[in-house]
Each structure stands twice: as C-alpha cells, then as structure tokens.
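Spelled out, the chains give:
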Amino acid sequence: MAQTTTLNPPLIRVALVDDHKVITDGLSRLIEESGTASVIGKAYSAAGCRQLLEDEQPDVLMLDIGLPDDNGINLCSIIKKLYPQMKVLMLTSYSELSTIKRALDAGADGYVLKNSMPEELLEGIRTVMADAQFLCEEAGMALKDNEKNSMELTRREVELLQLIMEGYTMPELADKMCLGYQTIRSYRKNLNIKLGAHNTAQLIQNAKAMKLI
C-alpha cells in the first residue's frame, strides 16, 4: 500500500514597509521563524513600497502609517485599488480611534500596534490571509470603548494647532513652544495623520470642520 504524505501549506508571502530598519529587521526575523510566513521584500518609504510592488506582490503587506514621504493610510487606499487581492495589515504606533477608522475606511484588512505581542502580530497575518478582518486587542478596544470620541488631541497638539492657525512658520513654532525643530515636525506629522490633512490649508479646514478650533 502506497504511503501518503501530507504537504505543508505554502508559506504566506509578506512584505514589510516601515522607515525604521530596526523594526523591519525584527519583524523579518519573527516572521521567518514562525514557520507559517516568509518575507519577500522590505521598503522604507512610500516610493520604495510602490517600486517593490511593481516587481512582486506579496500576499500580505505590513504597512506603517508614518512614512517619511507619504501617509501610509493614503498609500493603503492606492494599493487596494491597484492590487485588490492583496491584504494590507497596518502596523503603527497610532492608537487613536480616528486613525484606526481612517485606515479601515481606506481598505486596510487589519490594524496592529507596534507594541503588540509577537503572537498577535503573527495572528494578524494569518487572519487577514484568511479573508477576515484583524484588530489587535488595543485597537479593538478603542473601537468598542470610544465610539463617541472621534478625535483626541494632546495639550501640545492643541497648542500647536492654534499657533499654526495664527500663521507661524516651523522655526517660529519651535521657538514659540520652546521645543526642538524635529519635535515640532513630529507633532505636525501626528496632527496631519489625525486630521487626515496633506497641507496646512487642509489641516485648518479639517480642524474647523471637526470643531477642534
């Protein structure tokens, strides 16, 4: 009697997009050692991601939101239109409800925070690959517990937003708030992401629409 062999399921092909090499390297090791997925490519910017996808499409794209040359949520929307079969799992440090909702509205199949446990990150890959939505525990709780809170800004972000409204330049903002230029840039990027803005005019317009100022 011929002996039957059980074939292992094919590995899930994953690509990583994050501007911090230490994060992509750590994720790559975790994924490669999982036995269920493999990393077929890495990119550190939106432009690099587009180039990567032109050459080869993964089953699952793990995509950061705060990329240096574009907003990962905007990029997600573009990717889902170009490659509708591809699963996009957002990987980010942003836990605000509004950001989670915008990512899901842009077509993201899942949302995990960078401080999630390794098992949760791998479960996210497997879940979206199985055509199901995945939210890490913290993101899931944010949607459940804060449905009525569409926006939360820190005290510093509110202060920065008001000064932007008054027309101060980036160097002037740093001086006015007694903070370093790079810190102001980081706060400004967070504001753009939270309010879904691409420039100052849109930031102010969205802030007024949300009655934040």
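Everything below is about the structure printed above this text.
Residues numbered from 1 in each chain as written. Predicted model: local features only at pLDDT ≥ 70, side-chain atom pairs only at ≥ 80, totals over all residues. Heavy atoms only, no water.

Engineer: Can you walk me through the sheet that holds strand β4 (residues 87–92) in this structure?
Structural biologist: What links the strands of a sheet is backbone hydrogen bonding, and the strands pair in either a parallel or an antiparallel sense. Pairing is parallel across the open sheet formed by six strands, whose spatial order is β2-β1-β3-β4-β5-β6. With one partner strand each, in any of the chains shown, β2 (37–43) and β6 (134–135) form the two edges of the open sheet. Inspection of the sheet shows strand β3 (residues 60–63) paired to β4 by four bridges, in the parallel sense. The residue bridging valine 60 from the neighbouring strand is lysine 87, located in β4. (Pairing = 2+ DSSP bridges. Helix = DSSP H or I, 4+ residues; strand = E, 2+ residues; numbered from the N terminus.)

Engineer: Got a minute to help me understand the packing of helix α8 (residues 170–177) against helix α9 (residues 181–195) in this structure?
Structural biologist: Packed helices, taken two at a time, are described by the angle their axes make and the gap between the axes. Where α8 meets α9, the axes come as close as 9 Å, and the angle between the chain directions of the two elements is 105°. Between α8 and α9, the crossing angle belongs to the class labelled roughly perpendicular. Listed contacts from α9 to Met170, Pro171, Leu173, Ala174 and Met177 of α8 are Tyr181, Ile184 and Arg185. (Axes fitted to C-alpha atoms, helices over the stretch in contact; angles between N-to-C directions. Parallel < 35°, antiparallel > 145°, perpendicular 65-115°, else oblique. Contact = heavy atoms within 4.5 Å.)

Engineer: Any chance you could explain the layout of surface pockets here in plain terms?
Structural biologist: Summary: where empty space remains is shown by rolling a probe the size of a single water molecule over the atoms. The calculated volume of the largest pocket comes to roughly 420 Å³. Along its surface, the largest pocket is lined by 18 residues, and Leu67, Pro68, Asp70, Lys189 and Asn192 are the ones closest to its centre. In the lining of the largest pocket, the residues fall into six nonpolar, seven polar and five charged. (1 Å grid on protein atoms, 1.4 Å probe; cavity = no way out; pocket = protein on both sides within 12 Å on 5 of 7 lines; lining within 4 Å. Points joined across faces, edges and corners; volume = space filled by probe spheres on them. Nonpolar A, V, L, I, M, F, W, Y, C, P; charged D, E, K, R; others polar.)

Engineer: Just checking my understanding: could you explain the nonpolar core for this structure?
Structural biologist: For soluble globular proteins, nonpolar side chains are generally found buried alongside one another. One finds Leu63, Ile79 and Met90 to be the most contacted residues of the largest nonpolar core, which totals 50 residues. Take this core: its biggest share by element is five residues, from strand β1 (residues 12–17). What leucine 63 contacts, discounting residues up to four positions off in sequence, is Val17, Gly72, Leu75, Cys76, Ile79, Val88, Leu89, Met90 and Leu91. Counting 14 residues, the second largest nonpolar core, distinct from the first, contains Leu161, Ala174, Ile184 and Leu191. (Core = buried A, V, L, I, M, F, W, Y, C linked by side-chain atoms within 4.5 Å. Buried < 20%, exposed > 50% of the residue type's maximum accessible area, 1.4 Å probe, protein only.)

Engineer: What is the right way to look at the packing of helix α7 (residues 155–165) against α8 in this model?
Structural biologist: In contact at an axis separation of 11 Å, α7 and α8 are set at 135° when each is read in the N-to-C sense. Classified by the interaxial angle, the pair formed by α7 and α8 is oblique. The chirality of how α7 crosses α8 is right-handed. In this structure, α7 uses Arg156, Glu159, Leu160, Leu163 and Ile164 to contact α8, whose residues at the interface are Leu173, Lys176 and Met177. Residues belonging to the contact of α7 with α8 are distributed by class as follows: five nonpolar, no polar and three charged. (Left-handed = near helix turned anticlockwise from the far one by under 90°.)

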